[in-house]
Amino acid sequence: METKDDSSLDFIRTRIEEDIKANKNQGRVHTRFPPEPNGYLHIGHAKSICLNFSLAEEYNGKCNLRFDDTNPCKEEVEYVESIKKDVRWLGFDWEDREFYASDYFEKLYEYAVQLVKKGKAFVCDLSAVEIKDTRGTLTEPGTESPYRNRTIEENLDLFERMRKGEFKDGERVLRAKIDMSSPNLNMRDPVIYRILHASHHRSGDTWCIYPMYDFAHGLCDSIEGITHSICTLEFEDHRPLYDWFLEELDVFRSQQIEFARLNLSFTVMSKRKLLELVQSGYVKAWDDPRMPTLSGLKRRGYTPESIRDFCGRIGLAKRDSVVDIALLEFCLREDQNKRAPRRMAVLDPVEVIIDNYPEGQVEELESENNPEDESMGKRKVPFSRRLYIEREDFREDPPKKYFRLSPGREVRLKHAYYITCQNVIKDPNTGKVQKIHCTYDPKTKGGWAKDGRRVRGTLHWVSVPHARNAEIRLYDRLFNTKNPLDLKEGEDFKENLNPNSLKVLTSSKLEPGLSKAQPGDRFQFLRKGYFCVDPDSTQDRLVFNRSVPLRDTWAKILKKQKQK
RNA sequence: UGGGGUGUAGCCAAGCGGUAAGGCAGCGGCCUUUGGAGCCGCCAUUCGGAGGUUCGAAUCCUCCCACCCCAGCCA
């Protein structure tokens, strides 16, 4: 068993260790991840997934995957499939413990009958509006339903007939009989079963009554022997009700523990809002690389390892928080720096001609695949008289501290030669640089000058005749504001969307070896960032997503210079 | 003006009566065939506020303030 540094246990682990010490549940730890299959998983769910599965692992327990499918109107198999895929992708295994609340519908029904028999539940004929009207307010107690004192026999009969389908949707409900004047609204005779003549994605038309979350969730936990039922803060108020059901039915007592859900800066994290972005067409789909969904992050190029690392770094507590998205980006860089093979790609090309390099000559130059990991080996990259370099790597009139190419200046081409800029050809009308003429020093092969001569700048490059064309998609934050939901009156969160969150480059140039890249493959493009092959790629057109740019010190210097 | 929670740096977050961990971000410097990476250093005299207890308080007590959640037959 992994031992965690107990000097910094979070409050949940502290609690679990206390339970183990007290031999609660014979020291057993059993958790569950309980998604409702009504949407795609996002990075916020990843926090919960990592928490629940890691806890089980750390304390020699188990973690179940349980679909909370008690509302047939919202749930679909498409979602259960995507959820399973995402959890697996993250790297977690629920083995044979794939459960559904719907697996327990019969058992849950029996529990409800038991409650009725105890006089702790009743069939209520009030309409939804009437129930709402009699619930009271935050400061005033509710009033009891006129049906609250039906006899047990009548309740039993009515509930059975509800199940048989004798009533229409909304005609009657089963309610727990608790306390209409409780200051906790959840305890004011909450509805526990409603009539829904809807086909369920698993149980089909077997049922026309469905249990409510509060009733189902705790009892499912109990049935599965869940020891620690971890959920988010908004359910804190529900805990007394959770406990009430377990106590009244005298079943295994699972313990609900609440933690603060994850919020990330510059994005939104609710299924409803993410759906809205998809439906409004602002993003292309749930797996659009700008989305904080797991499928989006995956397509963007995030690795499961980086996301798990992130979930481990964000901390766990009860206070509302907004984690800086820079931490997520940091985790990806940290992961990819050690693992991503280096390649050269010129995103925005301009041509360099090396005047003194023999026409028609090609050299295969040796390049390391990853300076962080020698075991990743080397590769050959073709070099010739005509090369592409990054347009921004040349400045006719270089600002201070600019180390790159400019007239008369010598720089290094990575793994190749020193070159010196001789002159520039510009479009006479636009003034745009078209070709840069340089000379190279044949004695600097490999990028070293034996005479000890130094250059400040090193550029990446791609040989023109060997280059492969590619489309590169550059992403920026989805929203312009740190908290897109911080709105003025009448404002819609979509007004905070960043109109420049996607920029498409269509004539980027790749070193030839990259033509074999497959969707999902990840690389570091030297000096540019980490990139991932998009599934939109075809045989003759590779598409790359920029997962995250490299840290850019030069950009910071520029920014500072501008501020002055 | 009900109930349930939460306040420690720009963002997370440890801390549990003995004198403010760590990470991200930021800022300096070193190093560098990626302005990447790496390395070194800096970054809370103070813990929402005010009182009190104590030799000693972020930690205990009292009052106050701010923020979040709850009035679905959603989860």
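Our subject in this report is the structure included herewith. (Residues numbered from 1 in each chain as written. Chains lettered and ligands numbered in written order. Predicted model: local features only at pLDDT ≥ 70, side-chain atom pairs only at ≥ 80, totals over all residues. Heavy atoms only, no water.)

### Concerning the sheet that holds strand 5 (residues 173–176)
Next up, step 1: Taking strand neighbours across the sheet as the criterion, the 4 strands line up as 4-5-6-7 in an open arrangement whose pairing is antiparallel. The sheet is open, and its two edges are formed by strand 4 (121–124) and strand 7 (209–211), each paired on a single side. Geometrically, the sheet is characterised by an average inter-axis angle of 20° between neighbouring strands, direction not taken into account.
Next up, step 2: Of the strand pairs in this sheet, strand 6 (residues 191–195) and strand 7 are connected by 3 bridges, and their pairing is antiparallel. In the sheet register, Arg194 faces strand 7, and the bridge partner there is Tyr210. (Pairing = 2+ DSSP bridges. Helix = DSSP H or I, 4+ residues; strand = E, 2+ residues; numbered from the N terminus. Axes fitted to C-alpha atoms, helices over the stretch in contact; angles between N-to-C directions.)

### Describing a positive patch on the surface
Next up, step 1: On the surface, a cluster of positive charge is made up of Lys401, Arg551, Lys556 and Lys560.
Next up, step 2: Within the fold, Arg551 resides in the loop between strand 25 (542–549) and helix 13 (553–563).
Next up, step 3: When its relative accessible area of 65% is taken as the criterion, Arg551 is described as exposed. (Patch = residues over 30% accessible without salt bridge, like charges linked within 9 Å, V, L, I, M, F, W, Y side chains within 5 Å. Areas by Shrake-Rupley, 256 points an atom, 1.4 Å probe, with all protein chains shown as cover. Salt bridge = Lys/Arg side-chain N within 4 Å of Asp/Glu carboxyl O. Lys, Arg positive; Asp, Glu negative; His and termini not counted. Charge placed at Lys NZ, Arg CZ, Asp CG, Glu CD. Buried < 20%, exposed > 50% of the residue type's maximum accessible area, 1.4 Å probe, protein only.)

### Describing the environment of Ser384
Next up, step 1: One can find Ser384 in the loop between strand 14 (378–383) and strand 15 (386–390).
Next up, step 2: Look at Ser384 and you get buried, because its relative accessible area is 4%.
Next up, step 3: Look past the residues within four positions of Ser384 in its chain and what remains in contact with it is Ile354, Tyr357, Gln361, Val362, Ser463, Val464, Pro465 and His466.
Next up, step 4: Separated by 3.3 Å, the side chain of Ser384 and the backbone oxygen of Arg386 make a polar contact.
Next up, step 5: A distance of 2.9 Å separates the side chain of Ser384 from the side chain of Ser463, its partner in a polar contact. (Contact = heavy atoms within 4.5 Å. Polar contact = N/O pair within 3.5 Å; in protein donor to acceptor, adjacent residues only side chain to side chain.)

### Observations regarding the protein's contact with RNA strand B
Next up, step 1: Neighbouring RNA strand B are 71 residues, the closest being Ile314, Arg319, Arg342, Gly446 and Thr553.
Next up, step 2: Contact distances for RNA strand B include 3.3 Å between a base nitrogen and a backbone N or O atom of Pro183.
Next up, step 3: Among the secondary structure elements, those contributing two or more residues to the surface near RNA strand B are helix 5 (128–134), strand 6, helix 12 (325–339) and helix 13.
Next up, step 4: In terms of residue count, helix 13 provides more of the surface near RNA strand B than any other element does, 5 residues in total.
Next up, step 5: Among the residues making up the surface near RNA strand B, the classes are represented as 28 nonpolar, 18 polar and 25 charged. (Near = heavy atom within 4 Å. Nonpolar A, V, L, I, M, F, W, Y, C, P; charged D, E, K, R; others polar.)

### Quick look at the pairing of strand 5
Next up, step 1: Burial of strand 5 is two-sided: the residues Val173 and Arg175 facing one way and the residues Leu174 and Ala176 facing the other way are all buried.
Next up, step 2: Sheet topology note: the strand 4/strand 5 ladder contains 4 bridges and is antiparallel. Among the inter-strand pairings, Ala121 is bridged to a residue of strand 5, identified as Ala176.
Next up, step 3: Pairing analysis gives 3 bridges linking strand 5 to strand 6, with the strands arranged antiparallel. The residue of strand 6 that forms the bridge with Val173 is Arg194.

### Digging into helix 1 (residues 11–21)
Next up, step 1: For helix 1, every residue scored as buried is listed here: Ile12, Arg13, Ile16 and Asp19. Looking straight down helix 1, one finds that the buried residues subtend no more than 120° of arc, so they occupy a single side.
Next up, step 2: Buried-residue contacts for helix 1 involve helix 2 (43–58), strand 8 (228–232) and strand 9 (255–259).
Next up, step 3: Its side-chain oxygen at 3.0 Å from the backbone nitrogen of Ile12, Asp10 defines the N-terminal cap of helix 1.
Next up, step 4: Once helix 1 ends, the next one or two residues include Asn23, with phi positive near 60°. (Arc of directions from axis to C-beta.)

### What to know about the packing of aromatic side chains
Next up, step 1: Counted according to the given criterion, the structure contains 23 aromatic pairs.
Next up, step 2: Ring centres 5.4 Å apart and planes at 80° place the aromatic pair Trp244 and Phe245 in the edge-to-face group. Across this residue pair, the class does not change: Trp244 and Phe245 are buried.
Next up, step 3: Judged by centre distance (4.8 Å) and plane angle (85°), the ring pair of Tyr417 and Tyr440 falls under edge-to-face. Taken together, the residues Tyr417 in the loop between strand 16 (410–413) and strand 17 (418–426) and Tyr440 in strand 18 (residues 433–441) connect sequence positions 23 residues apart.
Next up, step 4: Judged by relative accessible area, Tyr417 falls into the buried class, the value being 3%. (Phe/Tyr/Trp six-rings, centres within 6.5 Å; stacked < 30°, edge-to-face > 60°.)

### As for the sheet that holds strand 11 (residues 345–346)
Next up, step 1: Spatial strand order, 10-23-24-25-21-22-11: 7 strands in an open sheet with mixed pairing. Each of the sheet's edge strands pairs with one partner strand only, and the pair in question is strand 10 (342–343) and strand 11.
Next up, step 2: As judged from the 7 bridges shared by strand 21 (residues 468–475) and strand 22 (residues 502–510), these two strands associate in the antiparallel manner. Bridging across to strand 22, Leu474 finds its partner in Lys503.
Next up, step 3: Packing of helix 12 onto the sheet brings it into contact with strand 10, strand 23 (522–525), strand 24 (529–533) and strand 25, and relative to strand 25 it is tilted by some 115°.

### As for the side chain of Ser254
Next up, step 1: Within the fold, Ser254 resides in the loop between helix 8 (239–248) and strand 9.
Next up, step 2: Here Ser254 falls in the buried class, since its relative accessible area comes to 3%.
Next up, step 3: Among the polar contacts listed, one links the side chain of Ser254 to the backbone oxygen of Ile226, at a separation of 2.6 Å.
Next up, step 4: Apart from the residues lying within four places of it in its own chain, the contact partners of Ser254 are Asp221, Ser222, Ile226, Thr227, Tyr242 and Leu246.

### Some points on the state of the cysteines
Next up, step 1: Applying the stated criterion across every chain yields a total of 0 disulfides.
Next up, step 2: Take Cys311: it sits in no disulfide, and the sulfur closest to it among the cysteines is that of Cys50, at 3.8 Å.
Next up, step 3: Among the cysteines around Cys438, which has no disulfide bond, Cys421 carries the closest sulfur, lying 4.9 Å off. (Disulfide = S-S within 2.5 Å.)

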